[in-house]
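Given next are the chains, with one letter for each unit.
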Amino acid sequence: MATPLLRNKLASEGSYTPDGTSDARSTTSDYVDSIEDGDLSDYGHHHAATAAARPSTTRSILRALGVTAWRRKSGYHDYEPAGGKYDDRPMRAPRRSPQRDIRRCRISYVMGWVKRGLLAAPSLILMFFGVLHILHAVLGRAQLFWDVDVGDDYLPHWAQSGRLADGLARYPTDATRDVLPIPCHSHNDYWRHVPLFDAISWGCTGVEADVWLFDEELYIGHNLASLTRNRTFQNLYVNPLVDLLDRMNPQTDFVNASGHGVFDTDPSQTLVLLVDFKTHGPEAFPVVSRQLEALRSKGYLTFWDGQKVNSRAVTVVATGHAPFNLVANASTSAHRDIFFDAPLDKLWEAPRSPISRDDPLLHDSDADLDYGDAMAQSESANPTTDLAIQSTFNTTNSYYASASFAKTLGFVWRGHLSPRQMDILRGHIRGAKRRGLKARYWDTPSWPVGLRNHVWHVLMEEGAEVLNVDDLQAAAVDQWKGRVHQWW
């Protein structure tokens, strides 16, 4: 016979009744007899199967999220005999206080919402900033959805023939009347839809022309495959500049204008014409100088008179395979109107200590910048040890000081310039400024946009006086300072 405790347990599970009959949910009475005879194999199997029936993964996750209400299930240890320790009657659950159960339900309900809130908080935060970013982008590109420039809608027929103010819209120097000059250089300008004028329309103060010498003629193009007979240095640059400057310096009843540059908003601003010699320099240089005569004869070229630099509407700078000895003319010429693009990587200078603000040869920001160890190079590798190079390039023969950003500073791996890269950059700019030259880096990163914007911002902050750009609109609208988008 089964012990009273075991009988009560089986009765509570619905497998045995006190009178020895089988319940509808029990297996058979043989199940009880087998236990009484000491055969526990069936019971062990039954108990293991019950223990193995664990909650599913989905139910466990829902329970962790507090979705399902907490419910304490009855078990063997929750019961006690009705009449005593060895009573044969079925066990019954102990009585609990209703207030205690209500408290547990409330706590479970509150904790469920707390868990859900904690788990949902990261997603809600990301969604919030995502919506802000979308709104920022949409509002910043409002012209995609509606016309934000209503100025053209006001008196659209003003100054047209037969309309109000007929003939008052135009004036002699209005070709660039609404263009503000900015310190950017149009790299490979001949690739533009309209060479020269695209750059001027965006306000760029420098344009670049690659020249190839064939049969005493200078052709414009990036490589030999792009050359055509009609795309010449004179057709694309010299003659258009002469025509534009003639319009900007009118001869009228009121003025006999001279010295007016290409920008109506800033007549004193010079336009740099960077001539990149692609073929043998000594042969091409005389041809370049001869074809510039149309600008030279009208006084449109910046020149050195033996004592000082006289700025004019156009400043011609020779780079590439241009011969420095012909540009400098052995430093004996009293008149020079073609200047050299000095090698910026050879002008590096370490900060001098102590720094005095009274020293006019120092970088303006030397006293405010921390250079650290600055260029940990060996003495033989330091380009400033060549005193001849240090004293060669100056304002009498050079205008720009340029270098490849990728070769001199390297790749910007961490999304911003490293301390060593900053030391190199500051040394370059310091050396260029001490010689009165304008530092320019070409081959700067163009993508990702965030990296490009960072490099542009650093160059301007550190004192580089011109940006070498391919995307003229991006440089002109000044959005790169805001850095709306970081990586696209």
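Residues numbered from 1 in each chain as written. Predicted model: local features only at pLDDT ≥ 70, side-chain atom pairs only at ≥ 80, totals over all residues. Heavy atoms only, no water.

A. Broad picture of the nonpolar core. One finds Phe233, Tyr237, Leu292, Leu295 and Leu417 to be the most contacted residues of the largest nonpolar core, which totals 74 residues. When residues of this core are assigned to their parent elements, the largest contribution, 9 residues, is made by helix α7 (residues 233-248). Ignoring sequence-local partners within four residues, the contact set of phenylalanine 233 consists of Ala209, Val211, Leu218, Ile220, Val238, Leu273, Val275, Gln291 and Leu292. Formed by 8 residues, the second largest nonpolar core is a distinct cluster that contains Trp304, Val317, Tyr399 and Tyr400. (Core = buried A, V, L, I, M, F, W, Y, C linked by side-chain atoms within 4.5 Å. Buried < 20%, exposed > 50% of the residue type's maximum accessible area, 1.4 Å probe, protein only. Helix = DSSP H or I, 4+ residues; strand = E, 2+ residues; numbered from the N terminus. Contact = heavy atoms within 4.5 Å.)

B. Up close: the pattern of salt bridges. Evaluated as defined, the whole model comprises 15 salt bridges. Where aspartate 174 meets arginine 247, a salt bridge forms, and the shortest distance between an N and an O atom there is 3.7 Å. Placement of aspartate 174 in the loop between α5 (98-140) and β1 (182-186) and of arginine 247 in helix α7 is noted, with a sequence separation of 73 residues between them. Judged by its relative accessible area of 5%, aspartate 174 falls in the buried class. Judged by its relative accessible area of 42%, arginine 247 is partly exposed. Its salt-bridge partner being aspartate 471, residue arginine 452 comes within 3.8 Å of it at the nearest N-O pair. Here aspartate 471 lies in the loop between β11 (467-469) and α15 (472-476) and arginine 452 lies in helix α14 (residues 449-462), a separation of 19 residues in the sequence. Exposure remark for arginine 452: the relative accessible area of 10% places this residue in the buried category. Through salt bridges with shared partners, one network takes in Asp210, Asp276 and Lys278. (Salt bridge = Lys/Arg side-chain N within 4 Å of Asp/Glu carboxyl O.)

C. Examining the side chain of serine 398 more closely. With respect to the secondary-structure elements, serine 398 resides in strand β9 (residues 398-404). Residue classification places serine 398 among the buried positions, given a relative accessible area of 3%. Of the polar contacts made by the side chain of serine 398, one reaches the side chain of asparagine 397; its length is 2.7 Å. Contact partners of serine 398, with chain neighbours within four places excluded, come to Phe324, Phe339, Phe340, Ala342, Phe393 and Leu437. (Polar contact = N/O pair within 3.5 Å; in protein donor to acceptor, adjacent residues only side chain to side chain.)

D. Local environment of the pairing of strand β8 (residues 338-343). By the criterion of burial, β8 is predominantly enclosed, with 6 of the 6 residues buried. Of the strand pairs in this sheet, β8 and β9 are connected by 4 bridges, and their pairing is parallel. Of the residues in β9, the one forming a bridge with alanine 342 is alanine 401. (Pairing = 2+ DSSP bridges.)

E. A look at unusual backbone geometry. Here tryptophan 447 and proline 448 are connected by a cis peptide whose omega angle stands at 0°. Along the chain, the position of proline 448 falls in the loop between β10 (438-442) and α14. One non-glycine residue, asparagine 188, adopts positive backbone phi at about 50°. Among the secondary structure elements, asparagine 188 is positioned in the loop between β1 and α6 (197-202). One non-glycine residue, aspartate 443, lies in positive phi territory at about 65°. Within the secondary structure layout, aspartate 443 lies in the loop between β10 and α14.

F. Region of the structure containing α7. For α7, with 16 residues, the first-to-last C-alpha span of 22 Å sits near the 22 Å given by 1.5 Å per residue. At asparagine 239, α7 is bent by approximately 25°, the largest bend along its length, and proline proline 240 sits one to four residues beyond. Burial in α7 covers these residues: Phe233, Leu236, Tyr237, Val238, Pro240, Leu241, Val242, Leu244, Leu245 and Met248. (Expected span 1.5 Å × (residues − 1). Bend = angle between axes of the 7 residues up to and from the residue.)

G. Quick peek at the pairing of strand β2 (residues 204-214). With 10 of 11 residues buried, β2 lies mostly within the body of the structure. Taken together, the 3 bridges between β1 and β2 define a ladder with parallel strand orientation. Bridge pairing links serine 186 to valine 207 in β2. Of the strand pairs in this sheet, β2 and strand β4 (residues 271-277) are connected by 6 bridges, and their pairing is parallel. Across the sheet, residue valine 207 finds its bridge partner in β4, namely leucine 273. Sheet topology note: the β2/strand β3 (residues 217-220) ladder contains 4 bridges and is antiparallel. What sits directly across from tryptophan 212, in β3, is tyrosine 219.

H. Just the state of the cysteines, in detail. Scanning the entire structure with this criterion turns up 1 disulfide. Here cysteine 184 engages in a disulfide with cysteine 204; their sulfurs sit 2.2 Å apart. Between cysteine 184 and cysteine 204, the S-S torsion sits near -100°, and that sign places the bridge as left-handed. Of this pair, cysteine 184 sits in strand β1 while cysteine 204 sits in strand β2, and the two are 20 residues apart along the sequence. (Disulfide = S-S within 2.5 Å.)

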